[in-house]
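Residues per chain, in single letters:
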Amino acid sequence: MNRLCLIALALSAAACAPKERPGVTVAAAANLTEVFRQLGPMFETQTGIHPVFSFASTAQLTQQIENGAPFDVIAAADAEHVEALEKKGLLLAGSRVPYAIGVLALWIPPGKAPVADLHDLLSPAIRVIAIAKPELAPYGQAAVDTLRKTGIWDRVESRVVYAENVRMAKQYGTTGNADAVFTAYSLVIKQAGAVIAVDETLHQPIVQEAGIMVHPQHLQEAQRFVSFLLGDGGRAILRNSGYGLPAKR
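Note that the structure is predicted; figures quoted are calculated from it, not measured.

**Q** I'd like a rundown of the confidence of the model for the protein, residues and numbers included.
**A** Across the protein, the average pLDDT comes to 92, with 92% of residues at 70 or higher. Here residues 3-18 is a poorly scored stretch, pLDDT under 50, and it has two contacts once near neighbours within four places are set aside; other chains count.

Set out below in structure tokens:
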């Protein structure tokens, strides 16, 4: 077979080879784990874009971005870290947007001592209370603020164990290593046991914001993901997962 035929065959094979699926990489706060497990497949079905999620605390994700991690989008658990990225020139101008209002929950796993309100945490039967590290996770800070405002922080502080994020705090309860867990309502809304949505006036509002990186590898895909998150489909999933919603843009 001559050289021209080989080239023709190679070009033909290349033309017939399946094209790589478009994708988007999303740095996602740990409270979004269950939400994005629902949202991801719906987004891919509607757009043909494959989302890849990396879940961690908002502070950890922010640090990764500052160190050059190649994310296209950040979906944070607060507004402060997204604002900090914007001020450092790491976000695409005009891309910062609120997408959800987080709800803090107190979860009592099945088989643990009953808790009807926050003051029941003073019971000797509640030996371990799991909270995400407040310096890393906005929900953890909200939990500490709640206990302080309730007036019981000084009496329960010695029982608190800290997790890297709200998902790991929940895991402490799932494995029986905590009697009470402060976590995102979205992570425990369907869990067995007692789930108490914390009065939002006991802590600063958990306004969750998203943004697109200043030099994303997949700009159009990132824009479509954020649009989906803010659209009717994304908002319905967030609402059904227990989040409040900001005014629609």
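**Q** Describe helix H5 (residues 138-150), listing the residues and the values that go with them.
**A** Across its 13 residues, H5 extends 18 Å between first and last C-alpha, which sits within 8% of the 18 Å expected from 1.5 Å per residue. Buried residues of H5: Pro138, Tyr139, Gly140, Ala142, Ala143, Val144, Thr146, Leu147 and Thr150, and no others. At the C-terminal side of H5, Gly151 shows a positive phi close to 90 degrees.

**Q** Please set out the side chain of Thr62 residue by residue, giving values where relevant.
**A** Mapping Thr62 onto the fold places it in helix H3 (residues 58-66). Here Thr62 falls in the buried class, since its relative accessible area comes to 4%. Here Thr62 is in contact with Ile74, His81 and Leu85, once residues within four sequence places are set aside.

**Q** Outline the nonpolar core, supporting the account with residue identities and numerical values.
**A** In terms of nonpolar packing, the biggest core is built from 55 residues, with Phe36, Leu121, Ile129 and Phe182 touching the most fellow members. When neighbours within four sequence positions are excluded, Phe182 is seen to be in contact with Leu104, Ala105, Leu106, Leu118, Leu121, Ile129, Ala130, Ile131, Ala143, Leu147, Ala169 and Val198.

**Q** Tell me about the layout of surface pockets, and name the residues and values.
**A** The space that makes up the largest pocket amounts to roughly 250 Å³. Looking at the largest pocket, it is lined by 17 residues, and the ones nearest its centre are Asp78, Glu80, Pro138, Gln141 and Pro205. Per-element accounting of the lining of the largest pocket gives the leading share, four residues, to H5. Class assignment of the residues belonging to the lining of the largest pocket gives a composition of nine nonpolar, four polar and four charged. The computed volume of the second largest pocket comes to approximately 160 Å³. Around the second largest pocket sit Glu34, Gln38, Lys170, Ser186, Leu187, Val188, Ile189, Lys190, Gln191, Ile237, Asn240 and Ser241, which together line it. For the lining of the second largest pocket, the secondary-structure elements that each account for two or more residues are helix H2 (33-47), helix H8 (185-188) and helix H10 (232-240). The dominant element in the lining of the second largest pocket, judged by the number of residues it contributes, is H8, at three residues. Of the residues that constitute the lining of the second largest pocket, the class distribution is four nonpolar, five polar and three charged.

**Q** Lay out the packing of aromatic side chains in plain terms, naming residues and giving numbers.
**A** One pass over the structure, following the stated rule, counts six aromatic pairs. Both rings, one in Phe36 and one in Phe225, keep their centres 5.7 Å apart while their planes meet at 90 degrees; by these two values the pair is edge-to-face. Highlighted residues: Phe36 in helix H2 and Phe225 in helix H9 (residues 219-230), separated in sequence by 189 residues. With respect to class, Phe36 is no different from Phe225; both count as buried. Ring centres of Phe43 and Phe225 lie 5.3 Å apart, and the angle between their planes is 85 degrees; this geometry places the pair in the edge-to-face category.

About the criteria used
Residues numbered from 1 in each chain as written. Predicted model: local features only at pLDDT ≥ 70, side-chain atom pairs only at ≥ 80, totals over all residues. Heavy atoms only, no water. pLDDT = per-residue confidence, 0-100. Contact = heavy atoms within 4.5 Å. Helix = DSSP H or I, 4+ residues; strand = E, 2+ residues; numbered from the N terminus. Expected span 1.5 Å × (residues − 1). Buried < 20%, exposed > 50% of the residue type's maximum accessible area, 1.4 Å probe, protein only. Core = buried A, V, L, I, M, F, W, Y, C linked by side-chain atoms within 4.5 Å. 1 Å grid on protein atoms, 1.4 Å probe; cavity = no way out; pocket = protein on both sides within 12 Å on 5 of 7 lines; lining within 4 Å. Points joined across faces, edges and corners; volume = space filled by probe spheres on them. Nonpolar A, V, L, I, M, F, W, Y, C, P; charged D, E, K, R; others polar. Phe/Tyr/Trp six-rings, centres within 6.5 Å; stacked < 30°, edge-to-face > 60°.

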